[in-house]
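Results of the structural survey
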Amino acid sequence: MHKKLRKAFIKKTHDYIYKKSFDVNPNFLYHGTSFDRAKIIKEKGFDFDILGEKTGAKKPGISFTSRKQIAEEHAVYASSKFSQYPPAVMVFESRFFKIMKGSMFFKIKSEMLETMSEEEFEKSFPKKAIELGYDAFQIFDLDDQDPNIDEIWEWETIALNIPDSALKDCKIQTLYKIKEDSDLDIAYKKFEGYEGIDLYE
């Protein structure tokens, strides 16, 4: 097989395995929250002043994932923490965002860390990304043949700006099966791999 064709075949196979194994869909950005909060976000947009309120992890932007089950887990967590049921997943199409690929993010990060600390990088990078014209950046790299598990654990994309078109097109999918605290075990079983559980019915 020609070297270029072989390389393309390996990459295509690698991407297929990744996407199938982890159920990752880079065409969508998922955000888990409660249904009540999802409605407010849909109407008024995200409040960047309360970032990290759900988990206590301060981030420079809105956290999305390319794996729907992770967003479902976040939604259930948010509903249980704030006692707001049912949970919901907000579904955004990636095409509305200009997203920096993970490969570029890690390349820039490596270059910047040559002259600054990790803390300084975390403070400086969002501004640089915006200056380069990006709305968001991936912190996982689908092209990496040997990924760090910490990078792909949540298949996370951080959005620094939410385009109006993305918000307008956003869909809210409600986990109607989870109506109160006593229903949480149903969600946990689904997340543990039990088959035949539909949280949306």
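All right, on to the overall build of the protein then. Helix and strand content of the protein: eight helices and seven strands. Contacts in the protein between residues far apart in sequence, at least 24 positions, make up 76% of those at least 6 positions apart. As presented, the protein carries roughly 12,100 Å² of accessible surface, and 51% of it is formed by carbon and sulfur atoms.

Now for the side chain of E72. Note on placement: E72 falls in helix α3 (residues 68-82). For E72, a relative accessible area of 4% corresponds to the buried category. Excluding residues within four positions of it along the chain, E72 makes contact with V89, L175, K190, F191 and Y200.

Quick look at the pattern of salt bridges now. Under the counting rule described, the total for this entry stands at six salt bridges. In this structure, K190 engages E72 in a salt bridge whose closest nitrogen and oxygen atoms are separated by 3.0 Å. Separated by 118 residues along the polypeptide, K190 in helix α8 (residues 184-191) and E72 in helix α3 bring together distant segments of the chain. Classification of K190 by relative accessible area gives partly exposed; the value is 21%. Notably, a salt bridge pairs E111 with K107, separated by 2.8 Å at the nearest N-O pair. One end of the pair, E111, and the other, K107, are both in helix α4 (residues 102-112), four residues apart, so they sit about a helical turn from each other.

The biggest cluster of nonpolar side chains holds 17 residues, and the ones touching the most others in it are F46, F64, F92 and I162. If one sorts the elements of this core by residue count, strand β3 (residues 87-93) sits on top with three residues. Not counting the four nearest positions on each side in its chain, F92 is found in contact with N27, F28, L29, F46, F64, F97, I162, A166, L167 and C170. Among the nonpolar cores identified, the runner-up in size contains 13 residues, and A75, I178, L184 and F191 belong to it.

For the rest of this paragraph, the subject is the environment of Y176. Locating Y176 in the fold gives a position in the loop between β7 (171-174) and α8. You can call Y176 partly exposed: its relative accessible area is 46%. In sequence terms Y176 and P87 are 89 residues apart; their C-alpha atoms lie 7.5 Å from each other.

To continue, consider the side chain of T174. Tracing the backbone shows T174 in strand β7. Those residues in contact with T174 that sit more than four places away from it in its chain are F35, P86, P87, A88, L199 and Y200.

Glancing now at the packing of α4 against helix α5 (residues 118-131). Relative to each other, α4 and α5 sit at 130°, their axes nearing to 10 Å. Regarding the angle of α4 to α5, the classification is oblique. For the pair α4 and α5, the crossing hand works out as right-handed. Residues F105, I108, K109 and M112 of α4 touch α5, and the partners they reach there are E118, F121, S124, F125 and K128. Here the residues of the contact of α4 with α5 sort into five nonpolar, one polar and three charged.

All right, on to the environment of E111 then. By relative accessible area, which is 41% here, E111 ends up partly exposed. Among the polar contacts listed, one links the side chain of E111 to the side chain of K107, at a separation of 2.8 Å.

Looking now at the packing of α3 against α8. Where α3 contacts α8, the axes come no closer than 11 Å and their chain directions differ by 160°. Classed by the angle they form, the pair α3 and α8 counts as roughly antiparallel. Considering how the two elements wind past one another, α3 and α8 form a crossing that is left-handed. Within the contact between the two elements, α3 uses Q69, E72, E73, V76 and S80 and α8 uses L184, A187, Y188, K190 and F191. Of the residues in the contact of α3 with α8, the class split is five nonpolar, two polar and three charged.

Cut-off values and rules
- Every residue gets a number counted from 1 within its own chain, in the order that chain's sequence is written.
- Residue-level local features of this predicted model are given only where pLDDT is at least 70; pairs of side-chain atoms are given and counted only at 80 or more, and the full residue set underlies all totals for whole chains, interfaces and linings.
- Here the side-chain values reflect all heavy atoms present in the structure, with hydrogen atoms and water set aside.
- Each helix is a run of H or I in the DSSP string that is no shorter than four residues. Each strand is a run of E no shorter than two, and both are numbered from the N terminus.
- Any pair of residues with heavy atoms lying within 4.5 Å of one another is described as a contacting pair.
- Here the open area of atoms and residues is found with the Shrake-Rupley method and a 1.4 Å probe, where only the protein chains shown may cover a residue.
- The rule is simple: take the accessible area with a 1.4 Å probe, protein chains only, and divide by the maximum for that residue type; under 20% is buried, over 50% is exposed, in between is partly exposed.
- When a carboxyl oxygen of Asp or Glu lies within 4 Å of a side-chain nitrogen of Lys or Arg, that pair is called a salt bridge.
- Here, the term nonpolar core denotes a set of buried Ala, Val, Leu, Ile, Met, Phe, Trp, Tyr and Cys residues that are joined through side-chain atoms within 4.5 Å.
- In this description, a line fitted to the C-alpha atoms serves as the axis of each element, helices being fitted only across the stretch in contact, and the angle between N-to-C directions of two axes falls anywhere from 0 to 180 degrees.
- Small angles under 35 degrees read as roughly parallel and large ones over 145 as roughly antiparallel, with 65 to 115 read as roughly perpendicular and the rest as oblique.
- Each crossing gets its hand from how the near helix is turned against the far one by less than a right angle, where anticlockwise is left-handed and clockwise is right-handed.
- Residue polarity follows a fixed list, in which Ala, Val, Leu, Ile, Met, Phe, Trp, Tyr, Cys and Pro are nonpolar, Asp, Glu, Lys and Arg are charged, and the others, Gly among them, are polar.
- Throughout this description, a polar contact denotes any pair of N or O atoms lying within 3.5 Å of each other; where both atoms belong to protein, one of them has to be capable of donating a hydrogen while the other can accept it, and for residues adjacent in sequence the pair is counted only when both atoms sit in side chains.

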